[in-house]
Amino acid sequence: MQFHVGVISGDGIGPEIVREAKKVLTSVGKKYGHTFEFEEILMGGVSIDVHGVPLTDEAIEAAKASDAILMGSIGGNTTTSPWYQLPSDLRPEAGLLKLRKALNLFANLRPAYLYKELRESCPLKDEIIGSGFDLAIMRELTGGLYFGERETKEVNGILQATDTLTYSEKEIKRIAVKAFEIALKRKKKVTSVDKANVLDSSRLWRGVVDEVAADYPDVSYEHMLVDNCAMQLVRDPGQFDVILTENMFGDILSDEASMITGSIGMLGSASMNDTKFGLYEPSGGSAPDIAGKNIANPIATILSAAMMLRFSFDLDKEAAAIEQAVEQVLKENYRTVDIMTNKEEEKPQFELVRTTQMGDLIAERV
Ligand code: IPM
Ligand code: MN
């Protein structure tokens, strides 16, 4: 089959890690008889440099016309990059938020899985890791604080800023349904995370999730407060299957979850709407400090490409081939710098590889 993939390489390490994911997709295509056509779409800082805005209408149209989008990362150093001298709606991140909204990508799935080969890179103690963990965060992506009304104004000579956190029943219901559906295909457990002891939006969240849960008698579910969840993730991550939560909580918890997998460079993500379309990107950022050095870990982007094959193109076997190839290179002791521990560095069987080598190794093994 033939697929038209919109590619947003973006800023920082984005172009380097996306290049490797394209390499792996091309290799999958050759092996399984598919053609992936890639169309570069500008977004973020690169778009600001060319067009003065982080996302043009033409870019949105090109994204909509694609079968799916593969993305790297956007943004730069927030203290030194000139992009951050611009008004907030013209900064790189505004492009991503606008695209999420324009494509209605309300469901952001971020799996966090500890490869047994990376146990040593996990900052948690051995007894906490236990038999490992395999969880997935279902983060609401087009509502809450990110998209509520905001304002900065002067009141009696003092600056005051406001952000609003709004959720409707409809928004909560559709993300809850996504979480329960994905739980059915996993370990059948949903932990809905909120701050219902303080926030009205969280109390509404709980009520709606209770209603949705009633339709999934085979899925066990619980509510958990977000502060407790942050603690539980480092106390006993093995207790989780699917974590369902709102936009801001999901942003924070997913970085925490990624860290306990050993490196943020290992985590893919899928942003989906109610169709087969999706945007696939690593959970990590643009890492401007290591950009252009060919040392970034491309695995998160490669695993995002695997999610694209599975969720948007129904190519399960091809997705599994990528995931197995990733596991294989880890088994063969190839490591990018972020997942090489001090102990491993001293052992001759471990090999430190650069971004392009890691991509080659995985592409060869699909
Ligand atoms: C993420 C990122 C984005 C977010 C930024 C770049 C706007 O941190 O995808 O987690 O906060 O959603
Ligand atoms: Mn984030």
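Look above for the structure.
Quantities reported herein were computed from a predicted structural model and do not represent experimental measurements.

J.: Before we move on, can you summarise the state of the cysteines with the specific residues and values?
T.: Counted according to the given criterion, the structure contains zero disulfides. The cysteine cysteine 122 is free of any disulfide, with cysteine 229 supplying the nearest cysteine sulfur at 16 Å. On the basis of relative accessible area, cysteine 229 is assigned to the buried category, the value being 0%.

J.: Talk me through the site of ligand 1; I want residue IDs and the actual numbers.
T.: Neighbouring ligand 1 are Glu93, Arg100, Arg110, Arg139, Tyr146 and Asp251. Arginine 139 places a polar side-chain atom, nitrogen or oxygen, 2.8 Å from an oxygen atom of ligand 1. The separation between an oxygen atom of ligand 1 and a polar side-chain atom of tyrosine 146 is 2.6 Å. In the complex, the protein chains occlude 77% of the 320 Å² of accessible area that ligand 1 would expose alone. Within the shell around ligand 1, the residues separate by chemical class into one nonpolar, no polar and five charged.

J.: Can you lay out the nonpolar core for me, pointing to particular residues and giving the numbers?
T.: One finds Leu309, Phe313, Ile322 and Ile362 to be the most contacted residues of the largest nonpolar core, which totals 64 residues. Top contributing element to this core by residue count: helix α10 (residues 299-311), with eight residues. Not counting the four nearest positions on each side in its chain, phenylalanine 313 is found in contact with Phe3, Val5, Phe36, Asp67, Ala68 and Met308. Leu114, Met224, Leu233 and Phe249 belong to the second-largest nonpolar core, a separate cluster that totals 20 residues.

J.: Residue-level account of helix α9 (residues 247-260), with values.
T.: In this model, α9 (14 residues) spans 20 Å end to end at C-alpha, consistent with the 20 Å of a helix rising 1.5 Å per residue. Turning to α9, its buried residues number three or more, namely Asn247, Phe249, Gly250, Leu253, Ser254, Ala257, Ser258 and Ile260. Projected down its long axis, α9 carries its buried residues within an arc of 155°, all on one side. Looking at the buried side of α9, the elements it contacts are β4 (107-113), β5 (134-140), β8 (189-194), α7 (200-214), α8 (226-235) and β10 (242-245). The N-capping residue of α9, defined by a side-chain oxygen 3.0 Å from the backbone nitrogen of methionine 248, is glutamate 246. A positive backbone phi angle near 115° is found at glycine 262, which sits one or two residues after α9.

About the criteria used
- Residues numbered from 1 in each chain as written.
- Chains lettered and ligands numbered in written order.
- Predicted model: local features only at pLDDT ≥ 70, side-chain atom pairs only at ≥ 80, totals over all residues.
- Heavy atoms only, no water.
- Disulfide = S-S within 2.5 Å.
- Buried < 20%, exposed > 50% of the residue type's maximum accessible area, 1.4 Å probe, protein only.
- Near = heavy atom within 4 Å.
- Polar contact = N/O pair within 3.5 Å; in protein donor to acceptor, adjacent residues only side chain to side chain.
- Areas by Shrake-Rupley, 256 points an atom, 1.4 Å probe, with all protein chains shown as cover.
- Nonpolar A, V, L, I, M, F, W, Y, C, P; charged D, E, K, R; others polar.
- Core = buried A, V, L, I, M, F, W, Y, C linked by side-chain atoms within 4.5 Å.
- Helix = DSSP H or I, 4+ residues; strand = E, 2+ residues; numbered from the N terminus.
- Contact = heavy atoms within 4.5 Å.
- Expected span 1.5 Å × (residues − 1).
- Arc of directions from axis to C-beta.

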